[in-house]
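For reference, the chains in residue letters:
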Amino acid sequence: MSMPRALDGPTRLCAPLASNNYGLASIDPVELCNEAKVELCRATRDLRSCGRLVQRILISCGHASLCDECRQRCDVCPICRTALPKGGNEPPLRLFYQCIEAGLISKKYDDRLKDKNDDENQLNADVQRLYCLFDVALENNLVSLICHYVTDVCMDESAVSSDPVIAFLLDEKVVIDWCRKTFKSILAELQATYSLTVLEMKKELSSILKISSKLAGVSNVLDVLESSFRGSISPMLQDLNHLQESILKTKQHLEIMIWCIRHQFLLKVRSRFSDFASWSSSFRERKSAAIVRAWPDILESSEQSASSLFIEDALSNLDTEQEYARNDEGELPITSLRAGGGNSFLSRLTGMAGCYPFDNLRAAVDLLFLQGNSDLVVAKQAIFLYFLFDRHWTIPDDEWRCIVDDFAVTFGITRHSLLESFVFYLLDDHTDDALKEACRLLPEIAGLSIHPKVAQTLLERENPDAALMTLRCSGRDGGATLCSLREAVTTVRVQVECGLLTEAFMYQRMICTKVKDKKVKVADDEANKQFSSWLMWLEVLVTEICCLCIRKRLVDQMIELPWNSDEEKHLHKCLLDVVIDDPSSIMGSLLVVYYLQRYRYTEAYQVDSKLQAQEEDFISKAQNEEISFKVESMSHWRKGLVGQSVDLLPEVVQQQLKSGKLPEVGGILGNKNIPAKSNVPTMQEPILGNLLFKAPHAQWEGSNGFLHSQP
C-alpha cells in the first residue's frame, strides 16, 4: 500500500526562472496549489507572529515564510532553521506575483494592494489565486498543466493535506467551477463580439481565434475530468456532460462564425433569389411537388402520406434532446449568442424542420450549431452545405463554387460528402434540370453508405433505372443487408417498375425468410410495432408486388411465379379485392387461371363461384349494355372452363364441392389487419394473352381486356 503524499509543507517554488511562462510550464502540478495559497509571515515579532503577506521565497531553502521586512532582520528560516545569506541578489517573487508583475494577471487580484483579508474571505482569495494561475495557463497554451493538475493531484488519492485550504484546492470541484466560470466569461465576450458589424468582427478576427483556442482548452480539461467519473453514477458527471455539451456547441458555432466572418457573411456573393419571400415560395413549390409525386407510405395510417424532403428529415434529427436541454436548469445560456430573428422563435413552435429556408446566413449558423447534439456536427455541416447549394445553384460556377470549396477545405469535408449534400439538394429541387444533374453525379456517390431515401426519391421522380443503379451499388437489392420495412418496400417497387418481377419475387422471399429466421434485425425506427412480425413483412411485400403488377399490367407474369401457401393468400385477396371494386375486371379470371395452372380445380371452382355472384349482381345493375355483354361473355366462358376442369375430379369430391361441404380457400380474407383496398392508383387493365385456355368461339381483342364474341 502506497503512503499518502503529505502536502502540508511550506510553499516552495522551483529555481528562479527568467521566463514567467516557462516557470509556470515547468512547475510541478503538486506545487501549484501551494503557490496559490496566500502565505503570511511566520517570523515572531513582539511575542506574536508577524502575519504580513509573503511575496518572495528564500533562496537558501525555497520556503515562502518571511515578509520583506522580517527577511532583513532574521538570520534563519523560521520553518526549517536554514541560515539565510546576507547581501547578494534579492530573492525571487512567488509565482503568482511574478505573473502580476509580468502583466499576465490583472492587478485587481493583487492582494498586496488590499487590506488584510479576514478568515472568512481567505479561502475565496486562495481559490481566486488558483483560478488566476489557471487563466494564465489557458491564455498561454499551457492547458496540459491544468490537465496534469487534475490527474496528478485531484485524482491522486495519496495526495492529502491537513491544511483545510490546501485540502479544498485538491478537490476536482474547484477545477469544475473554474471551467464553468471561464466558459461564462467566454460567452459574455462572444456575445459582445457577435453584436459588432461584419467589418468590426473581421478586425477582431485574431481575438476570436484566440477565444476558439480557449474553448478547446477548457473542453480538454473537462475530458480529463470526465474520465475520472466514467463507469460511476454521479450527479457531478451529469453536470460535466452538460457543461461539455454547451462548450462543444459554442466552439462549433464559433468555428463556423469565423469562416463566415472571413467571407463577410457572403454579402458580396449574390443569391439566386431576389429576397427571402421568393426563396420561401420556391421551397413551398418543392414541398408541393413532393407531396404530389409521393407514393403511399406503408407505415402510415393514412392512405397517402406526404413525402418529406431531404432537408426536412435532416433538420428533424437536430430536434433530438432539444426539449431536454431547454428544461435543464444547469444548461448554460448559449442561446444568448443568437442574433435576433424570426427563425429562432419559429424553431420553438414548429421544430427545426419548419425553419427552412433560413432568414440569412447568420440565422443558419445560429439555428444549426447552437441546437442539436454536438455529435451531429458532420450532419450540421452537410445541412449548411445544402443551404449554400440552394442559395447559389443556377448562378455561374465562378461566382460561388470557390466559396463551397473553401468551406470543404476548412472543415475537412471530403469530395464524396460534398457531392452527397449537392445531390440531396438536387433531388429536393423539383425541376428537370436538377434531376438531370443529380443523375449525372449519382455514380460518384453511389455506394454502401448512400442514403436509402435516394432510391425512393428517384422512383417518385419517375427514374426507376437510376434508383435501381443506386440500390445495386448499395447492395440493398439482394436482401443480404440490414434494412427497414420501408426500405424493403422501396426495393420491391423499384424492381417491379424496372420490369424485374422475378428479382422482386426472390427479394421478398429472401428478406422475409431472414426476418423469420431473425437473420435480419428489424430496424428500430419503424413507426408501427406491428411490422416486427415476419408475417406482416410477407403480407406487406406480397401485397405491394400484386398491386404494382396490376398497375403495370404484369399480372399474367405474376401468377406464373412459384408462390408458396403463405404468399398466395395475399395474392388471392389482392386480386379478389380488385374484382369487388370492379366486377368487370379480369383480375378474378386471372386468379382462376392461377389455380387451374396448378391443377387445383377445387380452389378454381370456389373462386369462380364467388365471381359468378359478383358478376350477376353487376350485370343486373349495369346500365351499359356493351360492358354487361363483355362481363357476361367472360363469365360464361370461365364457367365452362372451370366446369371442364371439375369434371376431372373424383365424383365424391365433385358432390362435396357443389354442395359446399369443402372448406373455402382464401381464409385470409377474414383478417381485419389487412386493408380492404390497395393504395395503388387505378390503371388500364392488362391483356390476358395466352394464359387463358382459348375457347373455340371466343377471342380477346383490344387493350381493354374484355372478352368479345367471335362473329
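Focus: the overall build of the protein
Thought 1: Each helix and strand in the protein was counted, giving 31 helices and six strands.
Thought 2: Per-residue burial for the protein yields a buried fraction of 50% across its 711 residues.
Thought 3: The long-range fraction of contacts in the protein, counting pairs at least 24 apart against all pairs at least 6 apart in sequence, stands at 69%.
Thought 4: Just so you have it, the protein exposes about 34,000 Å², and 52% of that area is on carbon and sulfur atoms.

Let's talk about the environment of V269
Thought 1: Along the chain, V269 turns up in the loop between α11 (235–262) and α12 (276–293).
Thought 2: With relative accessibility at 14%, the residue V269 sits in the buried group.
Thought 3: C-alpha of V269 to C-alpha of E399: the two residues are 130 residues apart in sequence and 7.1 Å apart in space.

Quick notes on the confidence of the model for the protein
Thought 1: Per-residue confidence for the protein gives a mean pLDDT of 82, with 81% of residues at or over 70.
Thought 2: Every residue in residues 1–20 is under pLDDT 50, and counting partners more than four places away or in other chains gives 51 contacts.
Thought 3: Taken as a whole, residues 667–711 scores under 50 in pLDDT and shows 92 contacts with residues more than four places along the chain or in a different chain.

Some words on the packing of aromatic side chains
Thought 1: Counting across every chain of the model gives 24 aromatic pairs.
Thought 2: Seen from their ring centres, F358 and F387 are 5.6 Å apart, and the 55 degrees between their planes marks the pair as tilted. Of this pair, F358 sits in the loop between α15 (342–350) and α16 (361–369) while F387 sits in helix α17 (residues 377–392), placing them 29 residues apart in sequence.
Thought 3: Residue classification places F387 among the buried residues on the basis of a relative accessible area of 1%.

Some thoughts on the packing of α11 against α17
Relative orientation and spacing of two packed helices are given, respectively, by the angle between their axes and the distance between those axes.
Thought 1: Two numbers describe how α11 lies on α17: the axes approach to 12 Å, and their chain directions differ by 30 degrees. As summarised for this structure, α11 and α17 are arranged roughly parallel, according to the angle between their axes. Handedness of the α11/α17 crossing: right-handed. Counting all contacts with α11, which are made through K249, Q252, I256, W259 and C260, the residues of α17 involved are V377, K380, F384 and L388.
Thought 2: By residue class, the composition of the contact of α11 with α17 is six nonpolar, one polar and two charged.

Remarks on the pattern of salt bridges
Thought 1: For the structure shown, the criterion picks out 36 salt bridges.
Thought 2: For E399, the salt bridge goes to R270, with nearest N and O atoms at 2.8 Å. One end of the pair, E399, is in the loop between α17 and α18 (401–410); the other, R270, is in the loop between α11 and α12, and 129 residues separate them in sequence.
Thought 3: Classification of R270 as partly exposed rests on a relative accessible area of 47%.
Thought 4: One salt-bridge network, held together by shared partners, links K37, E39 and R42.

What to know about the packing of helix α6 (residues 143–154) against helix α10 (residues 205–227)
Thought 1: Close contact between α6 and α10 brings their axes to 9 Å; oriented N to C, the two are set at 15 degrees. Classed by the angle they form, the pair α6 and α10 counts as roughly parallel. Considering how the two elements wind past one another, α6 and α10 form a crossing that is right-handed. Every residue of α10 that contacts α6 at V143, I146, C147, V150 and T151 is listed here: G217, N220, V221, V224 and L225.
Thought 2: In terms of residue class, the contact of α6 with α10 is built from seven nonpolar, three polar and no charged.

Focus: the side chain of E312
Thought 1: Within the secondary structure layout, E312 lies in helix α13 (residues 310–317).
Thought 2: Apart from the residues within four sequence positions on either side, E312 is in contact with F283, K287 and A353.

Here we look at the nonpolar core
Thought 1: Counting residues in each nonpolar core, the largest one holds 191 residues, and the members touching the most others are Y149, V175, F384 and M558.
Thought 2: Other than its neighbours up to four places away in sequence, V175 contacts F134, I146, Y149, V150, C154, V221 and L225.
Thought 3: Counting residues in each nonpolar core, the second largest holds 14 residues, with C50, V54, I57 and C67 among its members.

Points about the state of the cysteines
Thought 1: Summed over the entire model, instances satisfying the criterion amount to zero disulfides.
Thought 2: Among the cysteines around C70, which has no disulfide bond, C67 carries the closest sulfur, lying 3.4 Å off.
Thought 3: Relative accessible area serves as the criterion here: at 0%, C70 is assigned to the buried category.
Thought 4: For C80, which is in no disulfide, the shortest distance to another cysteine sulfur is to C61 and amounts to 3.7 Å.
Thought 5: Overall, the relative accessible area of 31% leaves C80 in the partly exposed class.

Quick word on the side chain of R476
Thought 1: With respect to the helices, strands and loops of the structure, R476 is situated in the loop between α22 (464–474) and α23 (485–497).
Thought 2: Comment: no salt bridge for buried R476; closest opposite-charge side chain is E487, at 4.2 Å.
Thought 3: Engagement of the side chain of R476 in a polar contact is seen with the backbone oxygen of I450, the distance being 2.8 Å.
Thought 4: Those residues in contact with R476, other than ones at most four positions away along the chain, are L448, I450, H451, P452, L471, T481, E487, T491 and Y507.

With respect to α22
Along an α-helix, residues three or four positions apart point the same way, because every turn accommodates 3.6 residues.
Thought 1: Listing the buried residues of α22 in full gives P464, A466, A467, L468, T470, L471 and S474.
Thought 2: Taken together, the buried residues of α22 touch α20 (432–445), α21 (453–460) and α23.
Thought 3: Immediately beyond the C-terminal end of α22, within one or two residues, lies G475, with a positive phi of roughly 75 degrees.

Some details on α12
Thought 1: Between its first and last C-alpha, α12 extends 26 Å over 18 residues, near the 26 Å set by a 1.5 Å rise per residue.
Thought 2: Those residues of α12 not exposed but buried are W279, S280, S282, F283, R286, A290 and R293. Seen from one end, α12 has its buried residues packed into an arc of 160 degrees, which puts them on one side. Opposite its buried face, α12 presents the exposed residues A277, R284 and V292, each directed more than 90 degrees away.
Thought 3: Contacts made by the buried residues of α12 are with α13, α17, α19 (415–428) and α21.

Conventions we followed
- Residues numbered from 1 in each chain as written.
- Predicted model: local features only at pLDDT ≥ 70, side-chain atom pairs only at ≥ 80, totals over all residues.
- Heavy atoms only, no water.
- Helix = DSSP H or I, 4+ residues; strand = E, 2+ residues; numbered from the N terminus.
- Buried < 20%, exposed > 50% of the residue type's maximum accessible area, 1.4 Å probe, protein only.
- Contact = heavy atoms within 4.5 Å.
- Areas by Shrake-Rupley, 256 points an atom, 1.4 Å probe, with all protein chains shown as cover.
- pLDDT = per-residue confidence, 0-100.
- Phe/Tyr/Trp six-rings, centres within 6.5 Å; stacked < 30°, edge-to-face > 60°.
- Axes fitted to C-alpha atoms, helices over the stretch in contact; angles between N-to-C directions.
- Parallel < 35°, antiparallel > 145°, perpendicular 65-115°, else oblique.
- Left-handed = near helix turned anticlockwise from the far one by under 90°.
- Nonpolar A, V, L, I, M, F, W, Y, C, P; charged D, E, K, R; others polar.
- Salt bridge = Lys/Arg side-chain N within 4 Å of Asp/Glu carboxyl O.
- Core = buried A, V, L, I, M, F, W, Y, C linked by side-chain atoms within 4.5 Å.
- Disulfide = S-S within 2.5 Å.
- Lys, Arg positive; Asp, Glu negative; His and termini not counted.
- Polar contact = N/O pair within 3.5 Å; in protein donor to acceptor, adjacent residues only side chain to side chain.
- Expected span 1.5 Å × (residues − 1).
- Arc of directions from axis to C-beta.

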